[in-house]
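Summary of the model geometry
These are the residues of each chain, in order.
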Amino acid sequence: MSVSPALELLCVNTNDVFLDVSKLLLTYADNILRYPNEEKYRSIRIGNPTFATKLLPTKGAVECLFEMGFEEAETHLVFPMSASVEQLKLLRDSIAAERDKRLQQGAPHQLRTPLVPSLEGSQSSTAASSQPVLPTQSNSVENSMKFFVTLQSNFQHVMLYENEDLRRKARGVVPCQQLSSAAQHELKKFKEANQDCNFGLDDFLLLELLRWFKQDFFSWVDSLCCSSCGGSTENIGSLTPSTDDLRWGGQRVENHYCHGCKLSNRFPRYNNPEKLLETRRGRCGEWANCFTLCCRALGLEARYIWCSKDHVWTEVYSVAQKRWLHCDSCENACDKPLLYEIGWGKELDYVLAFSKDEVVDVTWRYSCKHQVILSRRTSVQETWLRQTISDLNAARQQVLSLDRKKQLTERLLVELVEFISPKKPKPGELGGRNSGSLAWRMARSETKVAHPGSSTKIAGFVFTPTEKEVTDRILHVRYNSTKDQYCRQSNSSETVQGWDQCVWQKDSVFRKVENDWQMVYIAHTEESSTGQISWKFDLATVRMKIKSVSIMACSHTFHEGKVRWYLQSSNCPTEFSGDGKMQSFHHLSGSSEFLVVAELGGGGDDGASWQHSQLFRQSLKDTENTSFEVLVHFEDA
């Protein structure tokens, strides 16, 4: 029988500590085995003095609880109904056997030493085997207790993604072949347009998975529709979780109350990704949990990202690019790490990555304000956090091969180099949050854009001709709203994912996906009565001048909604219609640059007025037609 990693870590403690703590662990396990239906025996309060003073400071103690099957709730560790009693009994018997040995021998007994891998730069074996030291101040001790439980809980939770039966179930709902074919097609097009392509098939597979997960699979829940009348409900508090809720990690159940029917609609916040494959709904916790499982099911190396500021997401390792990519399934966002600090205005402090092999403090990837971040990190001591993470990794990596340990070390070194220099924001990282209702986003202060001026206006992308386009004397750009993709085409083609990735400026606009109506469009935000978006074209850098410009744009208005399209150059603005027909303009002849601008407004005073002015409205089933097209013919200046 293989040695339990948690028990192995527990054995590092002195004999007296081991005997004392193992007795407590056996008591917890035996109570559950004797009284399997008694809830009081399946729960341990984190603030309990015994837990705080004996279990928490002892290496391997909390690890044993999690390996038994305990999970983190808000104030307790809970042994859910879904947990394996066989696993609990197996570890309980191993602890008992080790305890009996020590009692009979009357001397310390270790299963294997040292626990910490003897890698270059690691701490000494003496430091590795010492007891973890908690801060002396009472509030620091309490914070460290909570932080440690959070670390352990997440580190244990990600092991669910490694269950092959669960992965197989996930592959049963993910259209693997369809996503793979689409990824191969997009990679081929990209390579034709970019000779020095440093992307791999998995990178495009990830983009396709993100798009499918957001548009076709998972749905966001602000408040449930009433199960009786179908009307709106209000989240008015919590309900008692049922046995089945607890089985799937639903310790918290929201009460979505219908004032019309006087009916409570239960919304369990499930924490088990297997259940989420069935429910397919939730908020960021459920999204990231289920999406990370889907990534692992498709063979992508993924890790779960926990942020202390109430958000979670995923990172996926790109073998081709040799780096970790930020992925937020709620936003269909990839490689936009500054989205939260710059786009949403979050004041970050701790961001941690959890995978089957390691915990990594990745806070610095998600910030361009490192000194400010440091001033906020006051929950626990930095030395304690580093040591605790090191100990957790040492215990988890005991079973890994030397090659895998070396690979992890090399990757970590690359990450540390990346973290040294703060990044600069990209245009796609400057927008506020899109997922969730306006009221929900405003309550979390995630509608603002945290950059100078507190405006959502940004100066971003400029279309300039490539060498091939200069040779052909034509620049042709198309945008497909359903795919959320720009295609730049001459004899070869280049695609760019994301409606705002090729935008010059945007102000109070966002992309809306209506899964119920199967439609997608761009509209102005709910909190604003108007919105504006523009695209810039500049030929001056390649010493060309415009011969003619042709534009096709689609826009729809309802009720009192208004959309105004115009071309802006050194001359007066020239308006044109958004009727979906190609229109040609020759008055720009001789110019070197221009803007295409759309302004949205009107719509009345009701709460749905933002929907009355729409750009690029398109069916989610229509993947072929474009809703915006710009064709520029040019010549030597």
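Below: a short report on this structure.

Cut-offs and rules
Residues numbered from 1 in each chain as written. Predicted model: local features only at pLDDT ≥ 70, side-chain atom pairs only at ≥ 80, totals over all residues. Heavy atoms only, no water. Helix = DSSP H or I, 4+ residues; strand = E, 2+ residues; numbered from the N terminus. Buried < 20%, exposed > 50% of the residue type's maximum accessible area, 1.4 Å probe, protein only. Contact = heavy atoms within 4.5 Å. Areas by Shrake-Rupley, 256 points an atom, 1.4 Å probe, with all protein chains shown as cover. Disulfide = S-S within 2.5 Å. Pairing = 2+ DSSP bridges. Patch = residues over 30% accessible without salt bridge, like charges linked within 9 Å, V, L, I, M, F, W, Y side chains within 5 Å. Salt bridge = Lys/Arg side-chain N within 4 Å of Asp/Glu carboxyl O. Axes fitted to C-alpha atoms, helices over the stretch in contact; angles between N-to-C directions. Expected span 1.5 Å × (residues − 1). Core = buried A, V, L, I, M, F, W, Y, C linked by side-chain atoms within 4.5 Å. Polar contact = N/O pair within 3.5 Å; in protein donor to acceptor, adjacent residues only side chain to side chain. Left-handed = near helix turned anticlockwise from the far one by under 90°. Parallel < 35°, antiparallel > 145°, perpendicular 65-115°, else oblique. Nonpolar A, V, L, I, M, F, W, Y, C, P; charged D, E, K, R; others polar.

What to know about the overall build of the protein chain
- Looking only at helices and strands, the protein chain features 19 helices and 30 strands.
- In the protein chain, which comprises 637 residues, the proportion classed as buried is 52%.
- At a minimum sequence separation of 6, the contacts of the protein chain that also span at least 24 residues come to 69%.
- As displayed, the protein chain has an accessible area near 28500 Å², and 49% of this comes from carbon and sulfur atoms.

A word on the state of the cysteines
- Applying the stated rule across the entire model yields zero disulfides.
- For cysteine 327, which is in no disulfide, the shortest distance to another cysteine sulfur is to cysteine 334 and amounts to 4.1 Å.
- The exposure class of cysteine 327 is buried, given its relative accessible area of 0%.

As for the pairing of strand β7 (residues 263-268)
- Bridge analysis of strand β6 (residues 253-258) against β7 gives six bridges, and the strand direction is antiparallel. Looking at β7, one finds that glutamate 254 is bridged to phenylalanine 267.
- In sequence, β6 turns back onto β7 through a hairpin of four residues, with lysine 262 there showing a positive phi of about 60°.

Some thoughts on a nonpolar patch on the surface
- A contiguous nonpolar surface patch, about 250 Å² in accessible area, is contributed by Leu412, Leu413 and Leu416.
- Of note, leucine 413 is situated in helix α17 (residues 402-420).

As for the sheet that holds β7
- Strands sit in the order β5-β6-β7 across an open sheet of three strands; the sheet is antiparallel. Looking at which strands have only one partner, the edges of the open sheet turn out to be β5 (234-239) and β7. Ignoring strand direction, the axes of neighbouring strands in this sheet form an average angle of 35°.
- Note that β5 and β6 share four bridges and pair antiparallel. The residue of β6 that forms the bridge with leucine 239 is valine 253.

Overview of the sheet that holds strand β21 (residues 519-524)
- Spatial strand order, β20-β21-β29-β24: four strands in an open sheet with antiparallel pairing. Only two strands of the sheet have a single partner each, and these edge strands are β20 (509-514) and β24 (555-557). When the angles between neighbouring strand axes are averaged without regard to direction, this sheet yields 35°.
- Here β21 pairs with strand β29 (residues 613-619) via three bridges, running antiparallel. For isoleucine 522, the partnering residue across the bridge sits in β29 and is leucine 615.

Comments concerning helix α2 (residues 15-34)
- For α2, built from 20 residues, the straight-helix expectation of 28 Å at 1.5 Å per residue is met to within 8% by its first-to-last C-alpha distance of 28 Å.
- For α2, the set of buried residues is Asn15, Phe18, Leu19, Val21, Ser22, Leu25, Leu26, Tyr28, Ala29, Asp30, Asn31 and Ile32.
- Each element contacted by the buried residues of α2 is listed here: α1 (5-10), β1 (43-45), α3 (49-55), α4 (61-68) and α5 (85-105).

Examining the nonpolar core
- If you look at the biggest cluster of nonpolar residues, it comprises 90 residues, and the most contacted ones within it are Phe51, Leu65, Leu206 and Leu209.
- Each residue touching leucine 65, except ones within four places of it in the same chain, is listed here: Leu25, Tyr28, Ile44, Phe51, Leu55, Phe70 and Leu77.
- By size, the runner-up hydrophobic cluster in this structure holds 35 residues, among which are Cys502, Met544, Leu567 and Phe585.

Thoughts on the side chain of arginine 296
- Along the chain, arginine 296 falls in helix α13 (residues 284-297).
- According to the relative accessible area criterion, arginine 296 is buried, its value standing at 8%.
- A polar atom in the side chain of arginine 296 sits 2.8 Å from the side chain of glutamate 162.
- Reaching out from arginine 296, the side chain makes a polar contact with the backbone oxygen of leucine 300 at a distance of 2.9 Å.
- Sequence-distant contacts of arginine 296, defined by excluding residues within four places in its chain, comprise Tyr161, Glu162, Arg167, Glu301, Ala302 and Lys356.

Some remarks on the packing of α2 against α5
- The N-to-C vectors of α2 and α5 enclose an angle of 145°; their axes lie 9 Å apart at closest approach. The two elements α2 and α5 cross, and the hand of that crossing is left-handed. When α2 is examined against α5, the residues Asn15, Phe18, Leu19, Ser22, Lys23, Leu25, Leu26, Ala29, Asp30, Ile32 and Leu33 are found in contact with a partner set consisting of Val85, Leu88, Lys89, Arg92, Ile95, Ala96, Glu98, Arg99, Arg102 and Leu103.

Thoughts on the packing of helix α9 (residues 176-193) against helix α10 (residues 201-217)
- One can describe the packing of α9 onto α10 by two numbers: an axis separation of 8 Å at closest approach and a directional angle of 125°. Comparing the axis directions of α9 and α10 gives the class oblique. Where α9 crosses over α10, the handedness of that crossing is right-handed. Here Leu179, Ser180, Ala182, Ala183, Gln184, Glu186, Leu187 and Phe190 of α9 lie close against α10, whose contacting residues are Leu201, Phe204, Leu205, Glu208, Leu209, Arg211 and Trp212.
- Residues that form the contact of α9 with α10 fall into these classes: ten nonpolar, two polar and three charged.

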